[in-house]
Amino acid sequence: MIETNSTCRMLFSGGLTINPDGRIVLCCVSTKKELGHISDIDNLNEFYNSSLLNEIRETMKSGFLPEDWCFSCINWRKNGERAAIDDWVKLVIKWNPDDVKYHTINFLEFAPSNICNQNCAMCGSVYSSKWVEWDNDALEDGLTFRFREDEQYVTNFHNQVWSISDKDLQKIYDILPNVKRINLKGGEPFADKRNYDLIRHCIKLDNPPLISATTNFSTIPNEIMDLICDYPKFLVGVSIDGTDKVYEWVRGASYQQTIDNCHTYMKKSGRSPIITSTPTLYTLYSLNDYMSEMKDLGFKALQFMWCASPKYVSVEAEENIEYYNEKHRKFLKTYDQVKVINPENLYKRKHDVNINTSHIKYWIEFMNKKRGFDIRQYVSELSKF
């Protein structure tokens, strides 16, 4: 079978994404509709070959991406941006040229729970149990824009601690012998001890899958540090947004402790983690200094993500975003010794006139109250909001 620009590898030689609440989606950027719930499925490989998934495959074979499922990639391509189908999906999943009738799951992205030890300013209770109480507090403070009923699924607000049952987790274990790559998500992957058991299980398989996990690395017990250092194919990404007090305001943890944990991992494993940054309005103005510090700390790879939701934390709220786009573009020309992944996320943002600036102000004030200090003391540019 010939690969075309409408045959997504996720469907033909990839797998599924299972969110912390057990809902299964086509991939991490297909968030408008769910395929099903793991509790309603007996066998994940059988589900991967169900009539629903085969219908999506047939649409792709006919030359079209199904709009209901692939809206993100359709819009990215329409706007001239890198779409997941053309970018990271091809990096992590190999194309199978055989036109097979039965598709086996080779790739699995899942989170057994939303258990987390941080409440980041751009996150919410869908992906962090620490946000459950704070989301309630936000609503009590009148920040009703935090929850939009017109987006019942794709909102950050969910107000519940989710944890996949042991029975459902066993369904994941059942397919692991054929899985080639696992993207372990959260919550915080290392805050849920069931992930420790998963890693131990995988290392005993005849062909252990590559495991990739993005962690905040703020609290790492020796047990998991040993596991990830000893596992033969483990990729660690560490989320670090900003430095010093800016980091501590954005992510709510000790910056120095996180850096120390990174260095412990580097010394013990002989590998450097990929540092992952999600630029927001709070880190936009100091990104060049941030990159310089990551380089000085000895990190070898830096990846920039795209924060599109919630809007009131987005860099696109900055009306002079073009100035910062150009500033970052120029800086990158002289930035060396560190591999930069997705650098365009630093200089291809556009001002969004529809972002409600009052939401920005209210959210900063809410987070100031929770953190116990004012972010504007360290990021003066935020004072205009």
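Above: the structure in question.
None of the values given here were measured: they were computed from a predicted structure. (Residues numbered from 1 in each chain as written. Predicted model: local features only at pLDDT ≥ 70, side-chain atom pairs only at ≥ 80, totals over all residues. Heavy atoms only, no water.)

## A short note on the sheet that holds strand E6 (residues 210–215)
Two modes of strand pairing occur in sheets, parallel and antiparallel, and in both the strands are linked by backbone hydrogen bonds. Here we have ten strands laid out as an open sheet, ordered E3-E2-E1-E4-E5-E6-E7-E8-E9-E10, and mixed in their pairing. The open sheet has two free edges, formed respectively by strand E3 (36–37) and strand E10 (339–341), since each of these has just one partner strand. Sheet topology places strand E4 (residues 107–110) next to strand E5 (residues 181–184); four bridges connect them, and they run parallel. The partner of Phe 110 across the bridge, within E5, is Leu 184. (Pairing = 2+ DSSP bridges. Helix = DSSP H or I, 4+ residues; strand = E, 2+ residues; numbered from the N terminus.)

## Observations regarding the packing of helix H6 (residues 131–140) against helix H14 (residues 357–371)
Contact geometry for H6 and H14: axes closest at 12 Å, N-to-C directions at 130 degrees. As far as their axial angle goes, H14 and H6 are oblique. Crossing hand, H6 versus H14: right-handed. The residues of H14 that touch H6, namely those facing Trp 131, Trp 134, Asp 137 and Ala 138, are Trp 363, Phe 366, Met 367, Lys 370 and Arg 371. Here the residues of the contact of H6 with H14 are counted per class, giving six nonpolar, no polar and three charged. (Axes fitted to C-alpha atoms, helices over the stretch in contact; angles between N-to-C directions. Parallel < 35°, antiparallel > 145°, perpendicular 65-115°, else oblique. Left-handed = near helix turned anticlockwise from the far one by under 90°. Contact = heavy atoms within 4.5 Å. Nonpolar A, V, L, I, M, F, W, Y, C, P; charged D, E, K, R; others polar.)

## Considerations on the pattern of salt bridges
For the coordinates displayed, the defined rule picks out 27 salt bridges. The residue Arg 251 makes a salt bridge to Asp 241 at a minimum N-O spacing of 2.5 Å. Within this pair, whereas Arg 251 is found in helix H10 (residues 244–251), its partner Asp 241 is found in the loop between strand E7 (234–239) and H10, the two being separated by ten residues in sequence. Assigned by exposure class, Arg 251 and Asp 241 land together as buried. Residues Arg 329 and Glu 326 are paired through a salt bridge, measuring 2.6 Å at the closest nitrogen-oxygen approach. Here Glu 326 and Arg 329 lie together in helix H13 (residues 321–334), a separation of three residues that amounts to about one turn. Arg 329 gets classed as partly exposed once you look at its relative accessible area, which sits at 30%. Several salt bridges converge on common partners, so that one network encompasses Asp 21, Arg 23 and Glu 34. (Salt bridge = Lys/Arg side-chain N within 4 Å of Asp/Glu carboxyl O. Buried < 20%, exposed > 50% of the residue type's maximum accessible area, 1.4 Å probe, protein only.)

## Describing helix H8 (residues 194–203)
For H8, every residue scored as buried is listed here: Arg 194, Asn 195, Tyr 196, Leu 198, Ile 199 and Cys 202. Structurally, H8 contributes buried residues whose contacts are with E4, helix H7 (166–175), E5, E6, helix H9 (222–230) and E7.

## Some words on the nonpolar core
Core analysis: the biggest nonpolar cluster contains 117 residues, and Phe 217, Ile 240 and Trp 363 have the highest contact counts within it. Setting aside residues up to four positions removed in sequence, Ile 240 forms contacts with Tyr 247, Tyr 255, Thr 258, Ile 259, Cys 262, Ile 275, Thr 276, Ser 277, Tyr 290 and Met 294. (Core = buried A, V, L, I, M, F, W, Y, C linked by side-chain atoms within 4.5 Å.)

## Section: the environment of Asp 137
Structurally, the position occupied by Asp 137 is in helix H6. Owing to a relative accessible area of 18%, Asp 137 belongs among the buried residues under this scheme. Here the alpha-carbon distance between Asp 137 and Lys 167, two residues 30 residues apart in the chain, equals 33 Å. Residues contacting Asp 137, with those up to four places away along its chain left out, are Phe 366 and Lys 370.

## Focus: the state of the cysteines
Disulfide: a covalent bond connecting the sulfur atoms of a pair of cysteines. Per the stated rule, a full pass over the model turns up zero disulfides. For Cys 8, which is in no disulfide, the shortest distance to another cysteine sulfur is to Cys 27 and amounts to 6.4 Å. The class for Cys 8 is buried, based on a relative accessible area of 10%. Free cysteine: Cys 70, not disulfide-bonded; nearest cysteine sulfur from Cys 73 at 6.5 Å. (Disulfide = S-S within 2.5 Å.)

## Examining the side chain of Ser 125
As for its placement among the helices and strands, Ser 125 is situated in the loop between E4 and H6. A polar contact of 2.6 Å, which involves the side chain of Ser 125, links it to the side chain of Asp 135. (Polar contact = N/O pair within 3.5 Å; in protein donor to acceptor, adjacent residues only side chain to side chain.)

Geometry only, nothing functional implied.
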